[in-house]
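Spelled out from the first residue to the last, the chains are:
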Amino acid sequence: MSPSSVPPIVLAFAATDPTGGAGIQADLLTLASMGCHALTVVTAVTVQDTAGVDEVFALDSDWVVDQARLVLEDMPVVAFKVGMVGSVENIAAIAEVVADYPDIPLILDPVLASGRGDELASEDMISAMTELLLPQTTLITPNSQEARRLARFLPQEEEDGGGDDPDLAECARRILRMGCEYVLITGTHENAPQVVNTLYNEQGVVRSDTWERLPGTYHGSGCTLASAIAATLANGLDLPEAVRAAQEYTWQSLAAGFRPGMGQF
């Protein structure tokens, strides 16, 4: 294969998912189906089914660094995607690796809990994420619950007027002040007839997209969306257009979803 025929290469940091619906498996499926080649750095191994996560075993951070360094020295990566990280040490390790590649966009999916509500990120991990990874992040993709939780890690300034229960626009402002360039807050967890996903930057709302709310709950939708954004960026779209195209891909994937087990679609 000639160099010109090599597809865009995206490096994904994430945990495994034996169901194939989320985690590094979802990253692989999404990136490959969108014309990219996926490099996969495993951060943790999970024991889970379609209902929820029972156990998480985080890999040693040296293993995470070594996996990433070797492929980065071998192949030209055009985008990073970071999902579930597994430990504070892994967050620090990933932050150290990506710091050497400041021109490569980084899409961060802050996996804080499973669909069932199983805790997947401690307060210490969230603190490390906001301090070490967010300043290097091009786009973070929290759902509304994750956005509210992340926003608590930046003390409210008196002039914000956000109160103890900030709205999503205020959550986005606080997250942006932690150093990332864009925030895409998804509305799947909101009690509304339609799903509204809103992209923010320092100037305010960049775009807002409304989608039909599908029945049921879906395993791996956040992983799929973040990987799809990484793929559309890798394929040359500007960020707002990449976000729109990735939402379309994700919605169509969910609409075609199936329920293989006793839990989520």
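Everything below is about the structure shown above.
A quick note: this is a predicted structure, and the numbers were derived from the prediction, not measured.

Quick notes on the rules
- Residues numbered from 1 in each chain as written.
- Predicted model: local features only at pLDDT ≥ 70, side-chain atom pairs only at ≥ 80, totals over all residues.
- Heavy atoms only, no water.
- Helix = DSSP H or I, 4+ residues; strand = E, 2+ residues; numbered from the N terminus.
- Rg over C-alpha atoms; globule rule 2.2 N^0.38 Å.
- Contact = heavy atoms within 4.5 Å.
- Areas by Shrake-Rupley, 256 points an atom, 1.4 Å probe, with all protein chains shown as cover.
- Lys, Arg positive; Asp, Glu negative; His and termini not counted.
- Charge placed at Lys NZ, Arg CZ, Asp CG, Glu CD.
- Disulfide = S-S within 2.5 Å.
- Buried < 20%, exposed > 50% of the residue type's maximum accessible area, 1.4 Å probe, protein only.
- Pairing = 2+ DSSP bridges.
- Phe/Tyr/Trp six-rings, centres within 6.5 Å; stacked < 30°, edge-to-face > 60°.
- Salt bridge = Lys/Arg side-chain N within 4 Å of Asp/Glu carboxyl O.

Undergrad: When you look at the overall build of the protein chain in this model, what are you seeing that I'm missing?
TA: In terms of helices and strands, the protein chain carries 8 helices and 10 strands. Radius of gyration (C-alpha) of the protein chain: 17 Å, near the 18 Å computed for a compact globule of 265 residues. In terms of principal-axis extent, the alpha carbons of the protein chain reach across some 55 × 40 × 35 Å. Sequence separation of at least 24 residues holds for 68% of the intrachain contacts in the protein chain that already meet a minimum separation of 6. Counting only carbon and sulfur atoms, one obtains 53% of the accessible surface of the protein chain, whose full area is about 12200 Å². Both charge centroids of the protein chain, one from 13 positive and one from 37 negative side chains, sit 8 Å from each other.

Undergrad: It is not clear to me how the state of the cysteines should be interpreted in this structure. Could you clarify?
TA: Put plainly, two cysteines are in a disulfide when a covalent bond ties their sulfur atoms together. Taken as a whole and assessed by the stated rule, the structure comprises 0 disulfides. No disulfide involves Cys180; its sulfur sits 13 Å from the nearest other cysteine sulfur, which is in Cys171. Assessed through its relative accessible area of 3%, Cys180 is described here as buried. In this model Cys223 remains outside any disulfide bridge; the closest cysteine sulfur is found in Cys36, 17 Å from its own.

Undergrad: Is there a simple way to think about the pairing of strand S8 (residues 182–185) in this case?
TA: Taking every second residue as pointing to the same face, both faces of S8 are buried, with Tyr182 and Leu184 on one and Val183 and Ile185 on the other. The pairing of strand S7 (residues 139–140) with S8 spans 2 bridges and is classified as parallel. Within the sheet, the bridge partner assigned to Ile140 lies in S8 and is Val183. With 3 bridges joining them, S8 and strand S9 (residues 194–201) adopt antiparallel strand pairing. Of the residues in S9, the one forming a bridge with Leu184 is Leu199.

Undergrad: Just to check I follow, could you spell out helix H4 (residues 123–133) for this structure?
TA: Side chains of residues three or four places apart in an α-helix project in the same direction, reflecting 3.6 residues per turn. Of the positions making up H4, those classed as buried are Met125, Ile126, Ala128, Met129, Thr130 and Leu133. Looking at the buried side of H4, the elements it contacts are strand S5 (79–82), helix H3 (88–98), strand S6 (106–108) and helix H5 (144–151).

Undergrad: How should I be thinking about the packing of aromatic side chains in this particular structure?
TA: For any pair of aromatic rings, the description rests on two quantities: the centre-to-centre distance and the angle between the ring planes. The full count for this structure, using the stated rule, is 3 aromatic pairs. Between Phe13 and Phe80 the ring centres are 6.3 Å apart and the planes differ by 45°, which places this aromatic pair in the tilted class. With Phe13 in strand S1 (residues 9–14) and Phe80 in strand S5, the pair connects residues that are 67 residues apart, well separated along the chain. Judged on exposure class, the residue Phe13 and its partner Phe80 are both buried.

Undergrad: Explain the pattern of salt bridges to me, please; I cannot follow it from the model alone.
TA: Where side chains of opposite charge bring their charged atoms close, a pairing between them can arise. This model, assessed by the stated rule, comprises 9 salt bridges. In this structure, Arg69 engages Asp100 in a salt bridge whose closest nitrogen and oxygen atoms are separated by 2.8 Å. Of this pair, Arg69 sits in helix H2 (residues 61–72) while Asp100 sits in the loop between H3 and S6, and the two are 31 residues apart along the sequence. The class for Asp100 is partly exposed, based on a relative accessible area of 48%. Residues Glu190 and Arg148 are paired through a salt bridge, measuring 3.1 Å at the closest nitrogen-oxygen approach. Remark: Arg148 occurs in helix H5 and Glu190 occurs in the loop between S8 and S9; sequence separation between them is 42 residues. Within the structure, one salt-bridge network assembled from shared partners comprises Arg207, Asp209, Arg244 and Glu248.

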